Amino acid sequence: MTQVLDGFAALDLHPNILAAVIATGYEEPSAIQLQAIPVILAGHDMIGQAQTGTGKTAAFALPILSRIDVSKRQPQALILAPTRELALQVATAFETYAKQMPGLNVIAVYGGAPMGPQLKAIRNGAQVVVATPGRLVDHLRRDEKVLSTIQHLVLDEADEMLKLGFMDDLEVIFKAMPETRQTVLFSATLPHSIRTIAEKHLRDPKHVRIETKTQTVTAIEQAHLLVHADQKHAAVLRLLEVEEFDALIAFVRTKQATLDLAAVLEARGYKAAALNGDIAQNQRERVIESLKDGRLDIVVATDVAARGLDVPRITHVMNVDMPYDPESYVHRIGRTGRAGRTGRALLLVTPRERRMLQVIERVTGQKVSEVRLPDGQQVLDARIKKLTSSLAPLVADAEASHGELLDRLTAEIGCSPRALAAALLRKATNGQALTLAEVEREQPLVPTSAPRERSERSSERSDRGDSRERRAPVPLAEGRARCRTALGARDGIAAKNLLGAILNEGGLVREAIGRIQVRESFSLVELPEDGLERLLSKLKDTRVGGKPLKLRRYRED
Ligand code: ADP
Ligand code: MG
């Protein structure tokens, strides 16, 4: 076993869980994992505060899985997540980490799927239940005993759950579980409402917090690019076309990702290699030497593998996967800008990771400006610029050495010098696309993501906006459903009337309600998806401005 695995190996996890983690390709625990795993393994209640992307799932999944008794076929751990997507993600993560635990079953329970099979899976002995609160309460209504054997409860993204209006549901769920259970709460922020829950339902909790200290970063130009997770490779290739780098280090999260990206880059003709904890020390040193002397230009590394790497040629750091915390971001980008030179740091950000970007900006006290993906024209210009600068130095003495040959060849072929030069260019550029049409065909545009949540201001604008903007679909935030009422501006209704009625009668908090759009003859309101049916039935008889609200789920198609 390599030395870097000491991190996870030292944590006292169940050997089969440890084996699965190693197989997953994680090289060392993230900060929150390092701190939370021992606390949860020891059975304490815990409050964990850390941002998105810090590795919280494994921080609770690994110790909880280590403590489950597989021989007992009954629910032992319950994980609550705010949305169906997050519940599925957590369930998948549990399955990955439990791959080497035969007999361990995980069930995801969320709204929008039939209840019967979910309940059956729980009764058939799934030891881990991952659920959204709304749907779980529906199950409790049918069978109040479903949670009576739970020994570990995790509230994942607790602040998000409260924002989606799950406070009451959480209370129902707490009551349905044994008081002797262990409770772990994770949240990016700790508003008053979360503290209240913790005081009421956690016993002597330990606090684990990933501190975000201010760090100084100088002489490094920082930029970020919004990109969907499945388009990262395409985005990296495009960026590399236009970035003028000498040597570059690209950071990813897993060993497999180092191999995948290095292969993609090599296939494109870059001198690239992977660097990860599986690579033997002597091979590792060879890679670093090659990067130093220019036999390699790009190294794709994990944080662990790049530790201590100091190569003055590095002009660029590309964060292909988000670092776990601002400290490791600062650490990563510190690989460039050495010896008083300026360096450039690029960060790919997926829509879910935007909050981490804000944290990085706050902690480093610097703006990480947004860049757009270069378009076909920019790629073409960059290619021609490179070609120009590779040919320009040759022009001076090439005529003396090869001028006579040129004369002879044009005479023998019977073509103009221009035709011959063009043929030579084609040969030298090896089929590379060098017209706009070709470049665009070669690299279909990767669209950067549109902002998911519009600001209040833009929703006001679209209320009055032109019909084109009105018809454009506005993306719904995760976990929300759009509902429609036949009440609109012509009924004298304003957004605040709808908001007031829904808050009062629906028992929601303000944050649970998304955009409200009032049109002439109808209005649209965004509400929490989970528990929607119950909410709508609560609002069944609500009247606004004397008229029945009659809110219904709205389907665009
Ligand atoms: P959070 O819940 O804090 O937002 P996640 O648990 O979803 O973060 O983890 C984010 C990503 O990091 C996931 O793709 C996960 O597989 C990966 N990850 C988590 N821990 C590690 C680790 N120790 N090493 C490498 N990758 C990890
Ligand atoms: Mg998470």
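Relevant structure appears above.
Q: Just checking my understanding: could you explain the side chain of Thr410 for this structure?
A: In this structure, Thr410 sits in helix 16 (residues 376–413). Filtering out sequence-adjacent residues up to four positions away, Thr410 remains in contact with Cys415, Ser416, Pro417 and Leu420.

Q: Explain the pairing of strand 2 (residues 77–80) to me, please; I cannot follow it from the model alone.
A: Within a regular strand, the side chains alternate between the two sheet faces. With burial as the criterion, each face of strand 2 is covered, one bearing Ala77 and Ile79 and the other bearing Leu78 and Leu80. Sheet topology note: the strand 2/strand 4 (residues 128–131) ladder contains 4 bridges and is parallel. Paired with Ala77 across the two strands is Val128, which belongs to strand 4.

Q: Looking at this model, I keep getting lost on the pattern of salt bridges. Mind explaining?
A: Pairing between side chains becomes possible if they bear opposite charge and their charged atoms approach one another. In total, this model carries 27 salt bridges according to the counting rule given. The salt bridge partner of Lys292 is Glu289, with a shortest N-O separation of 4.0 Å. Taken together, the residues Lys292 and Glu289, both in helix 13 (residues 281–293) and 3 residues apart, mark about one turn of the helix. Taking the relative accessible area as the measure of exposure, Lys292 reaches 37% and is therefore partly exposed. Across the salt bridge formed by Arg553 and Glu533, the nearest N and O atoms sit 3.6 Å from each other. One end of the pair, Arg553, is in strand 20 (residues 552–553); the other, Glu533, is in helix 22 (residues 532–538), with 20 residues separating them in the sequence. Judged by relative accessible area, which is 27%, Arg553 ranks as partly exposed. One connected set of salt bridges, linked through shared partners, spans Asp246, Lys271, Asp297 and Arg313.

Q: What is the right way to look at the nonpolar core in this model?
A: The tendency in soluble globular proteins is for nonpolar side chains to be buried as a group. Counting 45 residues, the largest nonpolar core has Phe60, Leu62, Phe94, Val128 and Phe186 as the members making the most contacts within it. Other than its neighbours up to four places away in sequence, Phe60 contacts Ile40, Ile79, Val90, Phe94, Val154, Asp156 and Phe186. Formed by 34 residues, the second largest nonpolar core is a distinct cluster that contains Val146, Phe174, Leu185 and Ile194.

What counts, and where the lines are drawn
- Residues numbered from 1 in each chain as written.
- Chains lettered and ligands numbered in written order.
- Predicted model: local features only at pLDDT ≥ 70, side-chain atom pairs only at ≥ 80, totals over all residues.
- Heavy atoms only, no water.
- Helix = DSSP H or I, 4+ residues; strand = E, 2+ residues; numbered from the N terminus.
- Contact = heavy atoms within 4.5 Å.
- Buried < 20%, exposed > 50% of the residue type's maximum accessible area, 1.4 Å probe, protein only.
- Pairing = 2+ DSSP bridges.
- Salt bridge = Lys/Arg side-chain N within 4 Å of Asp/Glu carboxyl O.
- Core = buried A, V, L, I, M, F, W, Y, C linked by side-chain atoms within 4.5 Å.

The values are spatial; any link to function lies outside them.
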